[in-house]
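The residues making up each chain are set out below.
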Amino acid sequence: MPYLALLFNALVWGLSWWPLRQLQAQGLHPLWATLLFFLLGGLLIGVSRPLAWATVWRTPALWVLALASGATNAAFNWGVSTGEVVRVVLLFYLMPLWAVGLAWWLLGERITRMALVRVSLALCGALLVLRPAEGGWPAFSGLADWLGLLGGMGFAITNVMLRRQSGQPASARALAMFLGGITLPAALGAVLASQALIPHWPPLQVAWLLPALALGTLFFVGNMALQYGASRLPVHITSVVMLTEVLFAASSAVWLGGEVLRPSILAGGALIMAAALMASRDQA
């Protein structure tokens, strides 16, 4: 069951790009969709665990966790909704690259020789992923690529902060993450909408409300499945199983989105996945 729970969570996130694009076609921007998804989970946790509010309020480190979680989900959802899914997901999974420096800075972990090898593999993989189809120097093709990179950095900070705040109640950490998923998309969306850079919150319609609520419920169940599986398996096993999200995203992008997996994408993805697998081995 723990393995199935982790696979379910990876499946939800790996396929999330398609319903997010359908919601965007109905006028619901990914930032507003992210806010709505996290609002559902935040209300459930906030009502069922009222003591968690006080812990979050008096712990500034949990505010950092909230910001990182909000940035992770807002950037990922926006990126896969507008860009090339495989590129965004692979850039997101450069997380082990950022985790090395963050763990040294915030946790005092020593940077080992193998950690430097992982960083080199991840960087080489990123250069291959960013290489244009027509050849030439690696380059970001647009906002979606930057969002994938930013989401991975936020994910690395989230993981490091979760380890640093492991002594806090799980309910407080979860509430902080949900609050970040609400407040950051709300603030960023309000600023961008006021500048006419993204659409305003659309008029209430069943066409987008019901699918959004259904997807939000799936995200919440997936999050609970992740917590269930991760609490019963070693961290390095969890990390490996979660990499199946890349497989789900890539296969669905080819099948439903008509994307083409170029040799440079496949080679770069292999290097990035190798770096992630080496990171899980080090955790073991």
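Residues numbered from 1 in each chain as written. Predicted model: local features only at pLDDT ≥ 70, side-chain atom pairs only at ≥ 80, totals over all residues. Heavy atoms only, no water.

S.K.: Explanation requested: the layout of surface pockets in the structure shown.
M.R.: Over the atoms, a rolling probe the size of a water molecule traces out where space has been left empty. Of the pockets and cavities examined, the second largest pocket occupies roughly 190 Å³. Taken together, 13 residues make up the lining of the second largest pocket; nearest its centre are Leu-90, Val-246, Ala-250, Gly-269 and Met-273. Every element with two or more residues in the lining of the second largest pocket is listed here: α6 (85-92), α13 (244-257) and α14 (263-283). Top element by residues in the lining of the second largest pocket is α14. It accounts for six residues. For the lining of the second largest pocket, the per-class residue count stands at twelve nonpolar, one polar and no charged. (1 Å grid on protein atoms, 1.4 Å probe; cavity = no way out; pocket = protein on both sides within 12 Å on 5 of 7 lines; lining within 4 Å. Points joined across faces, edges and corners; volume = space filled by probe spheres on them. Helix = DSSP H or I, 4+ residues; strand = E, 2+ residues; numbered from the N terminus. Nonpolar A, V, L, I, M, F, W, Y, C, P; charged D, E, K, R; others polar.)

S.K.: Got a minute to help me understand the environment of Met-1 in this structure?
M.R.: With respect to the element layout, Met-1 can be found in the segment before α1 (2-15). Considering only alpha carbons, one finds Met-1 and Tyr-228, 227 residues apart in sequence, at a separation of 9.0 Å.

S.K.: Honestly, the packing of helix α5 (residues 60-82) against helix α10 (residues 170-194) in this entry has me stumped. Any pointers?
M.R.: Packed helices, taken two at a time, are described by the angle their axes make and the gap between the axes. Between α5 and α10, whose axes approach to 7 Å, the crossing angle comes to 55°. Our classification of the angle between α5 and α10 gives oblique. Crossing hand, α5 versus α10: right-handed. When α5 is examined against α10, the residues Leu-62, Leu-65, Ala-66, Leu-67, Ser-69, Gly-70, Ala-71, Ala-74 and Trp-78 are found in contact with a partner set consisting of Ala-172, Arg-173, Ala-176, Met-177, Gly-180, Gly-181, Leu-184, Pro-185 and Leu-192. (Axes fitted to C-alpha atoms, helices over the stretch in contact; angles between N-to-C directions. Parallel < 35°, antiparallel > 145°, perpendicular 65-115°, else oblique. Left-handed = near helix turned anticlockwise from the far one by under 90°. Contact = heavy atoms within 4.5 Å.)

S.K.: Help me out: how do you make sense of the packing of aromatic side chains in this one?
M.R.: The geometry of two aromatic rings is summed up by the distance between their centres and the angle between their planes. The tally for this structure, following the rule as stated, stands at eleven aromatic pairs. Plain terms: the ring middles of Trp-32 and Trp-201 are 5.7 Å apart, the flat faces sit at 65° to each other, and that makes the pair edge-to-face. Here Trp-32 is found in helix α3 (residues 30-48), whereas its partner Trp-201 is found in the loop between α10 and α11 (206-230), with 169 residues between them in sequence. For Trp-32, a relative accessible area of 7% corresponds to the buried category. For Trp-201, a relative accessible area of 39% puts it in the partly exposed group. Residues Trp-201 and Trp-208 carry aromatic rings whose centres are separated by 5.9 Å and whose planes lie at 80° to one another, so their mutual orientation is edge-to-face. Of the aromatic side chains, those joined through ring pairs into one cluster are Trp-13, Phe-37, Phe-76, Phe-92, Tyr-93, Phe-155 and Phe-219. (Phe/Tyr/Trp six-rings, centres within 6.5 Å; stacked < 30°, edge-to-face > 60°. Buried < 20%, exposed > 50% of the residue type's maximum accessible area, 1.4 Å probe, protein only.)

S.K.: Even after reading the chapter, I still don't get α10, so can you show me in this structure?
M.R.: Each α-helix turn comprises 3.6 residues. Residues three or four places apart therefore point the same way. Helix length check: α10, at 25 residues, gives a terminal C-alpha distance of 36 Å against a target of 36 Å (1.5 Å per residue), a fit within 8%. Just beyond α10, the residue with positive phi is Ala-196, at close to 60°. (Expected span 1.5 Å × (residues − 1).)

S.K.: Even after reading the chapter, I still don't get the nonpolar core, so can you show me in this structure?
M.R.: Grouped together as the largest cluster of nonpolar side chains are 69 residues, with contacts concentrated most on Phe-37, Val-89, Leu-90 and Tyr-93. Setting aside residues up to four positions removed in sequence, Val-89 forms contacts with Phe-76, Val-80, Val-246 and Ala-249. (Core = buried A, V, L, I, M, F, W, Y, C linked by side-chain atoms within 4.5 Å.)

Interpretation note: all reported values are geometric properties and have no functional meaning in isolation.
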